Amino acid sequence: PAETPSGDAGQIRVTLNGEKLMLFGKPNGDPYYLMDLLKFSELDFQNLDKPVELRVNGEPGQFQEVIKDGDRVEIV
């Protein structure tokens, strides 16, 4: 079964690097993936001088990992 917050039409709430973030449903109905959150991370991916660490709920994350309501994401 699809995980959709009741009454929120596909909205999910996540914590990204300690800040609350509301994501609205994608027009095509696809889920959000960890890679979708990169643009909210404020990292300059054109000028990185060290590796980027991806974590979801305290565990190592993958770019194609589906992000769910309530997840805690770190992109540092």
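Scroll up for the structure.
If you're wondering where the values come from, they're calculated on a predicted model, not measured in any experiment.

(A) Examining the side chain of Asp71 more closely. Looking at the secondary structure, you find Asp71 in the loop between strand E6 (66–67) and strand E7 (72–75). For Asp71, which is buried and forms no salt bridge, the nearest opposite charge comes from Lys68, at a distance of 4.0 Å. At 2.8 Å, the side chain of Asp71 forms a polar contact with the backbone nitrogen of Lys68.

(B) How the structure looks around the nonpolar core. Grouped together as the largest cluster of nonpolar side chains are 14 residues, with contacts concentrated most on Leu23, Leu34, Leu37, Ile67, Val73 and Ile75. Only strand E1 (12–16), strand E2 (19–23), strand E4 (54–56) and E7 provide two or more residues apiece to this core. In terms of residue count, the dominant contributor to this core is E1 (three residues).

(C) Highlighting the pattern of salt bridges. The final tally for this structure, using the stated rule, is three salt bridges. Here Arg13 ties to Asp69 by a salt bridge, and the two come within 3.6 Å at their closest N and O atoms. Placement of Arg13 in strand E1 and of Asp69 in the loop between E6 and E7 is noted, with a sequence separation of 56 residues between them. With its nearest N and O atoms 2.7 Å apart, the salt bridge here joins Lys26 to Asp36. Of this pair, Lys26 sits in the loop between E2 and strand E3 (32–33) while Asp36 sits in the loop between E3 and E4, placing them ten residues apart in sequence. Residue classification places Lys26 among the partly exposed positions, given a relative accessible area of 22%.

Rules used throughout
- Residues numbered from 1 in each chain as written.
- Predicted model: local features only at pLDDT ≥ 70, side-chain atom pairs only at ≥ 80, totals over all residues.
- Heavy atoms only, no water.
- Helix = DSSP H or I, 4+ residues; strand = E, 2+ residues; numbered from the N terminus.
- Buried < 20%, exposed > 50% of the residue type's maximum accessible area, 1.4 Å probe, protein only.
- Lys, Arg positive; Asp, Glu negative; His and termini not counted.
- Salt bridge = Lys/Arg side-chain N within 4 Å of Asp/Glu carboxyl O.
- Polar contact = N/O pair within 3.5 Å; in protein donor to acceptor, adjacent residues only side chain to side chain.
- Core = buried A, V, L, I, M, F, W, Y, C linked by side-chain atoms within 4.5 Å.

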